[in-house]
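Residue-level listing of the chains:
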Amino acid sequence: MKHTKRIAAAVALTASTLLLSACSSGTAPDTTKNAADGRPIVNKENWPKKIPTSGLTKNLTLPLEAYMSSYEDQVTVEQAANDLQQSCMKDYGIDLTLPRAGANPPPSDNDANIERRYGITDRAEAEKYGYELPPALQEHTEQPMRDLSGVEVEVLTGHTKPESTQAPKAGVSMAAPGQGVAPARSEYDGKKLKTGGCIGWSKSQLGVKEADSIVVAQLAGDSLMQSLKDDKVIKAIAAWSSCMNGKGHAGLADPYKAMDQGVTNDGKPSKESIALAVDDIDCKKQTDLVKIWSDVESVIQKKQIADNKSQLTGIQGQHGKEIAAARKQMAASPQ
């Protein structure tokens, strides 16, 4: 069960990962090209669908998704925040162009990660890529950004520039954030610095509450863990495992084990991993695993929603306020 706990924890951490990208946005029009190869920096065709349109999760949603931010909404808030950050920096006499949001989309629209929540589910993709993501989602669009001086970092973040050249502490990576960081100076060029720098100020202007997304993601992680203890899910997974054994894939306790075995080191699918992936999905279809599992989890999530109705309703309302503020800011910003 250790690996299943890891999978559920990953679901809960997705929100945190997305929030960390909040300062990677920008607002140039979609016609802006990548200087390196001429591709659009933001290609919305690669953005995940709000609801899956193919595979065993086609049209499938879970109750908690109603309280999760979509990728499109996250990008909107990030772009609006960057508009404000660039404007804020300019007020201090600093010209700064930040990377655009939406250039490197995730494989799923929100923290439910429904397409791979129960393992892989799209046979057409499995036939091509095995357990790997499609090439378009493996590519990373680089948006070069100039190195900021110490004072520029202070104005932007509200703290000093991390020291990257100091000797690493025991058990701490050289690249670990926060090393050598101290509060920023109180003012620059005769102007008082914003609390939390321009980044902190931009979030306060939009009313962003980052903890909200984490709360919902943690509930989703808990519901997945609870579902794994349900008798219906246990029986369905056992039937899937027996089906896989019959196809020559012995010792796979659950779909997460198949994913662990099928993912290749170089990110390029092998014939063996493709064969495993196709059999994996065929056995899911044969045993109706995805429907059984999602039905059980939906019941669990409906209870979670009932038990946390006030908090979740507040989070849903807060999301609406953030999006409205972001759209208003975007409309007011020069493009």
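Visitor: Just checking my understanding: could you explain the state of the cysteines for this structure?
Guide: Note on terminology: disulfide describes a covalent bond linking the sulfur atoms of two cysteines. Applying the stated rule across the entire model yields 2 disulfides. Here Cys 88 pairs with Cys 198 through a disulfide, and the sulfurs are 2.1 Å apart. Given an S-S torsion of about -70°, the disulfide between Cys 88 and Cys 198 has left-handed geometry. Here Cys 88, found in helix 2 (residues 71-91), pairs with Cys 198, found in helix 6 (residues 197-206); they are 110 residues apart in sequence, far enough to count as distant. Each member of the pair, Cys 88 together with Cys 198, is buried. Disulfide pairing is shown between Cys 243 and Cys 283; the S-S distance is 2.0 Å. Between Cys 243 and Cys 283, the disulfide has an S-S torsion of -80° and is therefore left-handed. Residue Cys 243 is found in helix 8 (residues 231-246), and its partner Cys 283 is found in helix 10 (residues 271-287); the two are separated by 40 residues along the sequence. Sequence-ordered numbering of the disulfide-bonded cysteines in the protein chain gives the connectivity 1-2, 3-4.

Visitor: Help me understand the packing of aromatic side chains, please; the structure alone is not making it clear to me.
Guide: Pairs of aromatic rings are described using the distance from one ring centre to the other and the angle between the two planes. Across all of its chains, the model carries 3 aromatic pairs by this definition. Both rings, one in Tyr 118 and one in Trp 293, keep their centres 4.8 Å apart while their planes meet at 40°; by these two values the pair is tilted. Of this pair, Tyr 118 sits in the loop between helix 2 and helix 3 (123-129) while Trp 293 sits in helix 11 (residues 289-307); the two residues are 175 residues apart in sequence, bridging distant segments of the chain. Tyr 118 sits in the buried class, given a relative accessible area of 0%. For Trp 293, a relative accessible area of 0% puts it in the buried group. Joined through ring pairs, the aromatic side chains of Tyr 118, Tyr 256 and Trp 293 make up one cluster. In this arrangement the basic side chain of Lys 191 is found over the ring face of Tyr 92, its NZ or CZ atom lying 5.0 Å from the centre.

Visitor: Before we go on, may I ask you to explain the environment of Ser 87 in this structure?
Guide: Tracing the chain through its elements places Ser 87 in helix 2. Residues Ser 87 and Ser 202, spaced 115 residues apart in sequence, show a C-alpha to C-alpha distance of 9.6 Å.

Visitor: Help me understand the nonpolar core, please; the structure alone is not making it clear to me.
Guide: Nonpolar side chains in soluble globular proteins tend to be buried together. The biggest cluster of nonpolar side chains holds 30 residues, and the ones touching the most others in it are Tyr 118, Tyr 131, Trp 240 and Trp 293. Of all elements in the fold, only helix 7 (211-227), helix 8, helix 9 (255-262), helix 10 and helix 11 reach the threshold of two or more residues within this core. Among the elements that make up this core, the one with the highest residue count is helix 8 (6 residues). In this structure, Tyr 118 is in contact with Leu 60, Leu 62, Leu 224, Pro 255, Tyr 256, Lys 284, Val 290, Trp 293, Ser 294 and Glu 297, ignoring residues within four places of it in sequence. Membership of the second largest hydrophobic core comes to 14 residues, among which are Leu 96, Leu 148, Ala 184 and Cys 198.

Visitor: In this structure, what is going on with the confidence of the model for the protein chain? I would like to understand it.
Guide: This prediction gives the protein chain a mean pLDDT of 86; 83% of its residues lie at or above 70. Within the model, the stretch residues 8-33 combines pLDDT values under 50 with 66 contacts to residues more than four positions away or in other chains. Low pLDDT (under 50) marks residues 165-177, which in the prediction has 9 contacts with non-local residues, meaning those over four places away or in another chain.

Visitor: What am I meant to see in the pattern of salt bridges here?
Guide: Side-chain pairing between opposite charges can occur once the charged atoms of the two side chains come close. A complete count under the given rule lists 11 salt bridges for this structure. In this structure, Arg 146 and Glu 152 form a salt bridge, with 2.9 Å as the shortest nitrogen-oxygen distance. Residue classification places Arg 146 among the partly exposed residues on the basis of a relative accessible area of 40%. A single network of salt bridges, built from pairs that share partners, joins Arg 123, Glu 127 and Asp 282.

Visitor: What exactly am I supposed to notice about helix 8 here?
Guide: The periodicity of an α-helix, 3.6 residues per turn, causes residues three or four positions apart to be oriented the same way. Taking 1.5 Å per residue as the helical rise, helix 8 with its 16 residues ought to reach 22 Å, and the 23 Å between its terminal C-alpha atoms agrees with that figure. Taken together, the buried positions of helix 8 are Val 233, Ala 236, Ile 237, Trp 240, Ser 241, Cys 243 and Met 244. For helix 8, the angular spread of the buried residues around the axis is 160°, confining them to a single face. Across from the buried face of helix 8, at angles greater than 90 degrees, the exposed residues are Asp 231, Lys 235 and Gly 246. If you follow the buried residues of helix 8, they end up packed against helix 7, helix 9, helix 10 and helix 11. Among the residues of helix 8, the N-terminal cap falls to Asp 230, whose side-chain oxygen and the backbone nitrogen of Lys 232 are separated by 2.8 Å. Gly 248 sits one or two residues past helix 8 and shows a positive phi near 95°.

Visitor: When you look at the packing of helix 5 (residues 150-157) against helix 6 in this model, what are you seeing that I'm missing?
Guide: Packed helices, taken two at a time, are described by the angle between their axes plus the distance between the axes. Packing of helix 5 against helix 6 leaves a shortest axis separation of 2 Å and a crossing angle of 20°. Overall, the two elements helix 5 and helix 6 adopt an arrangement that is roughly parallel. Within the contact between the two elements, helix 5 uses Glu 154, Val 155, Leu 156 and Thr 157 and helix 6 uses Gly 197, Cys 198 and Ile 199. Taken together, the residues of the contact of helix 5 with helix 6 break down into 4 nonpolar, 2 polar and 1 charged.

Visitor: Hey, could you run me through the packing of helix 2 against helix 12 (residues 309-332) in this one?
Guide: The interhelical angle for the contact between helix 2 and helix 12, taken along N-to-C directions, is 50°, at an axis separation of 9 Å. When the axes of helix 2 and helix 12 are compared, the pair comes out oblique. The two elements helix 2 and helix 12 meet at a crossing, and its hand is left-handed. Of helix 12, the residues touching helix 2 (which contributes Asp 73, Thr 76, Val 77, Gln 79, Ala 80, Asp 83 and Leu 84) are Glu 322, Ile 323, Ala 326, Arg 327, Gln 329 and Met 330. Among the residues forming the contact of helix 2 with helix 12, the class breakdown is 6 nonpolar, 3 polar and 4 charged.

Criteria and thresholds
- Residues numbered from 1 in each chain as written.
- Predicted model: local features only at pLDDT ≥ 70, side-chain atom pairs only at ≥ 80, totals over all residues.
- Heavy atoms only, no water.
- Disulfide = S-S within 2.5 Å.
- Helix = DSSP H or I, 4+ residues; strand = E, 2+ residues; numbered from the N terminus.
- Buried < 20%, exposed > 50% of the residue type's maximum accessible area, 1.4 Å probe, protein only.
- Phe/Tyr/Trp six-rings, centres within 6.5 Å; stacked < 30°, edge-to-face > 60°.
- Lys NZ or Arg CZ within 6 Å of the ring centre and 35° of its normal.
- Core = buried A, V, L, I, M, F, W, Y, C linked by side-chain atoms within 4.5 Å.
- Contact = heavy atoms within 4.5 Å.
- pLDDT = per-residue confidence, 0-100.
- Salt bridge = Lys/Arg side-chain N within 4 Å of Asp/Glu carboxyl O.
- Expected span 1.5 Å × (residues − 1).
- Arc of directions from axis to C-beta.
- Polar contact = N/O pair within 3.5 Å; in protein donor to acceptor, adjacent residues only side chain to side chain.
- Axes fitted to C-alpha atoms, helices over the stretch in contact; angles between N-to-C directions.
- Parallel < 35°, antiparallel > 145°, perpendicular 65-115°, else oblique.
- Nonpolar A, V, L, I, M, F, W, Y, C, P; charged D, E, K, R; others polar.
- Left-handed = near helix turned anticlockwise from the far one by under 90°.

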